[in-house]
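Each chain, letter by letter, is given below.
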Amino acid sequence: MIGKPRHPKGTPPMPHPPTHSRRAFLKTAATVASAAMASKGWPQEKSAAGMAVPVMKNGNLLLSINNEPNGSVNFEIEGWPGFHIGPLMPALTVDGTSIQPEDCETSSEQNPKKRIARYSFSGGMILTLEFEGDGESVAWIQPVLHNGSEKEKTLNHVVLLGSRLSSGEVSFGADPASVRVLEQGNYWGRVVPITRQAKESSSQTNLEPNEAPSQQKVASDLVCTVYDRNARMAFLTGYESSERWLGRIELAAQEAEEKGYWELGFDGGDLLINPGETISLERVSLSAGPEPWSLLERYGDRVRNRHQPSIPDVPPVSWCSWYPYRLGVTDERLLETARIAAERLKPLGLSIIEVDLGWQKDQLPSTFEENDQFPQGLARVAEELEKSGFKLGVWTAPFTISEFDPLYKEHPEWLIADEKGEPAAYWTWFWAPHGKVFILDLTHPGAQEWLRTQMTSLYQRGVRYLKSDFIGCESDALARRRHNPRIVAGGGTEAGRIGARIIRESLPDALLLNCGGPEMPGSGHWPLLYSCGDTGNTGFLTSKFQQENYQALACHLFKNHRWGIIQPSCLCVGLPGSIEEARLRATIAFMAGGQIDISDTLTSLPEERWEILTATLPPLGISARPIDLFDPVYGKPGYAYSAACQEKGLPEPPPEEHPPGSVWHLHVKADWDEWDLVSLFTFKKEKADENPEIRNFMVPFSMLGLQESERLWGYDFWDRQALGTVPGKRRNPRDYSHPGDFQDLLTGDAPGALDISFVGPGVKLICLRRQRSHPWVLGTSFHQSCGTELRQVTWDDAHGILRGELHRPPGESGVLVIHNSGKTPRELQIDGEYSEFRLGANGSTVVPIVAAMEPSRWSLQFSG
């Protein structure tokens, strides 16, 4: 720092004797701080120079800042053998040049929960990292950047802390093979072994895009969780704000000759910083503990508490025109859909009819004039929908401007420019009329006013739901050359938040769906969050794509009702896909607990598909927990059909892991009982010349929050089958086994586990209920919750009567399945009329009901 101002204007100096050299001061300060911390019982470690370095202990997370020689940072976690990150150092890229700290001052302020490190860089840049803990479970990093020079500076990139520049050692456990990492972004997410992190998913390439091809997944956005299965310890790094920049975490384990690394930082977005200006960067939290999903939930809570987003109390139910009609949508098709939906879906919560891409003039993504498929305009459609009790929703890509759009020629200055000052082509539009598309420059006042005018026009035409697609373009690196360099655009989130704020102000009471924009709450918040890749029409997608896509959704479930209401893309249950694929999609949508966005042709939907659709509504509004994202659920692989028939004993192969996200768990409460739902997904599909493979799941009760000693009643929702006692399986004489045993679904009776087998691809939705000494409801066919549609269910022991109420729309038909508990059913009444029942599987009674009114009252009398 010789020849440079030690404390530039606007930056308060740290107190130290002016006669000391900086190095002498640092050594003196470290000695004093060490003595003070030792007197308070802080742990101590030795720096490279042999000095005692105070350690900030926060729960089991240990942070140390090495005063000598450069303020490097180290993280350790108590109880996690082999975990170490450090030394870590910050770095900046300013005016196109990468720079590292030349000096560092540290201070503890005599507070065991707080440390401050101030790093000085060439050119007068100063980065201050304030570390603060709650003393129990969470530590925060609040970064502040100061331009201490007399010149404007352009911020290109920030590394808050990273190991690559400091040649730091990074280890996430004693055995890297046991370590898993969760990475995520708007539409994607994955949990993979840290030794083979795949950066791109390429299981299916013929899909319609929901983001531009240039938006690659090279690091985890906003949050990353590392979990060591052997140590049963997890480490979460998460940004708690994303107002201007999109924080990222990038890491890798050591492999062969390549060192592992860990890096916390973000693209600076080429922000222009004035001389003497101080800016706050995005806040980060660090936490560690034995339960990785609980860390994610608590992180989601901290973000919610910090930003206080406005989130709908009840997840909306909508219908989307895209998969039934795509560019063939018309106003008459919308209104015909609404007429059917008013009768069959409105009583179950449907409130929005949304016209997707296909209503705009020339089919362009961001024109706001109707085409000839809507000859009387959106306003007339909105009026007609209102008569049926629906709100009009529309699709638009408001920040994506086509080369065929008049705006492209009339106001090129409102578009992101290339190095020559001309509008920069972003990508080629996938749908007709194709052509190049460009990014609206939301830092330009003219572009902002244009957006406000268009959005106000939609509101005036009756739009009360807006699906804003492809809006992540504002964060693309291409968007650097913008009108106002003091607003972060390319690489950041600030410009996108300006656009979101304008949309909210223009449509004040509309529901807004975010497809690709800043997902974290904050200014310009979106209450609805599109949370996985497009699901597509049934029958056309590979099983591998669906497996990866729904694993991505599982990674986002912790955000539901914390950051917003998640939307797992569209729910399609119609043809041409199989009935089992329809059930799988419906189960995913229901267990996600977010918005249900129906996208089937209601005018031709088969009745068996209607049953699947209506069983998904209304949404419960609570999200399942994907119990096997980090710790695996195992299954017994394969089954030798011929050998089993011949009673030939074969060696049993070792259990195999199911892909992460294959088992979801949801605890459900109603006014009459509480129970557990377990959904099991398998996506494996055999080739024509392969033997079908039974997929077995062995789910420990401990992963479901149940006691190992418990014995429960089981019910298979989709097949309406009473399963009997869980754990349990068919027992034959001489312990004889054969393929017919699999008809019972339960295939294992080891204590403390749900052992179930079925052929995929497919899904099983299992309801587990506490056993009673008297008859009790196992489940229903009306709703995937298996009972929230029932109320006032009671057992009258004096008269031997089980009774309750069914709350479903009149005309809907289905069954109740009741465990007899050793008693004999005698007499069924529904709404005061005698009715028929039938005996079911495993000591159950099946009660058919057609809802004649709401509620329908039923009672079943038993003897014995």
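Up top is the structure these notes are about.
Described in the following lines is the structure provided in the data block. Since the model is a prediction, treat every value here as computed from it, not as a measurement. (Residues numbered from 1 in each chain as written. Predicted model: local features only at pLDDT ≥ 70, side-chain atom pairs only at ≥ 80, totals over all residues. Heavy atoms only, no water.)

### Some points on the packing of helix H9 (residues 543-556) against helix H10 (residues 579-592)
Part 1 of the argument: Taken N-terminus to C-terminus, the directions of H9 and H10 make an angle of 10°; their axes are 11 Å apart at the nearest point. By the angle between their axes, H9 is roughly parallel relative to H10. Between H9, through Gln546, Tyr550 and Leu553, and H10, the contact on the second element is made entirely by Glu581, Leu584, Arg585, Ile588 and Ala592.
Part 2 of the argument: Tallied by class, residues from the contact of H9 with H10 come to 5 nonpolar, 1 polar and 2 charged. (Axes fitted to C-alpha atoms, helices over the stretch in contact; angles between N-to-C directions. Helix = DSSP H or I, 4+ residues; strand = E, 2+ residues; numbered from the N terminus. Parallel < 35°, antiparallel > 145°, perpendicular 65-115°, else oblique. Contact = heavy atoms within 4.5 Å. Nonpolar A, V, L, I, M, F, W, Y, C, P; charged D, E, K, R; others polar.)

### Considering the environment of glutamate 854
Part 1 of the argument: With respect to the helices and strands, the residue glutamate 854 is situated in the loop between strand E53 (844-850) and strand E54 (856-863).
Part 2 of the argument: Along the backbone, glutamate 854 and isoleucine 579 are 275 residues apart, and their C-alpha atoms lie at a distance of 29 Å.

### Quick word on the environment of isoleucine 99
Part 1 of the argument: Tracing the sequence through the fold places isoleucine 99 in strand E6 (residues 97-99).
Part 2 of the argument: Separated by 386 residues in the primary sequence, isoleucine 99 and proline 485 place their C-alpha atoms 21 Å from one another.

### Brief notes about the pairing of strand E5 (residues 83-94)
Part 1 of the argument: Burial within E5 is extensive, with 10 of its 12 residues counted as buried.
Part 2 of the argument: Relative to E5, strand E4 (residues 72-77) is paired through 2 bridges, and the arrangement is antiparallel. Residue valine 73 lies in a different strand from E5, and its bridge partner there is leucine 88.
Part 3 of the argument: Between E4 and E5, which follow one another and run antiparallel, lie 5 residues, and glycine 79 among them has a positive phi close to 80°.
Part 4 of the argument: Of the strand pairs in this sheet, E5 and strand E12 (residues 169-172) are connected by 4 bridges, and their pairing is antiparallel. From the neighbouring strand, histidine 84 faces E12, where its bridge partner is serine 171.
Part 5 of the argument: Relative to strand E11 (residues 153-162), E5 runs antiparallel, the two being bridged by 5 bridges. When the bridges of E11 are listed, threonine 93 appears paired with histidine 157. (Buried < 20%, exposed > 50% of the residue type's maximum accessible area, 1.4 Å probe, protein only. Pairing = 2+ DSSP bridges.)

### A look at the sheet that holds E53
In a beta sheet, neighbouring strands are held together by backbone hydrogen bonds and run either parallel or antiparallel to one another.
Part 1 of the argument: Spatial ordering of the open sheet is given by E46-E49-E53-E52, a layout of 4 strands whose pairing is antiparallel. The open sheet terminates on both sides in strands that have one partner only, identified here as strand E46 (776-780) and strand E52 (838-840). On average, each strand axis in the sheet is inclined to that of its neighbour by 35°, with strand direction left out of account.
Part 2 of the argument: As paired elements, E46 and strand E49 (residues 813-819) share 4 bridges and run antiparallel to each other. Along E49, the bridge assignment pairs glycine 779 with valine 817.

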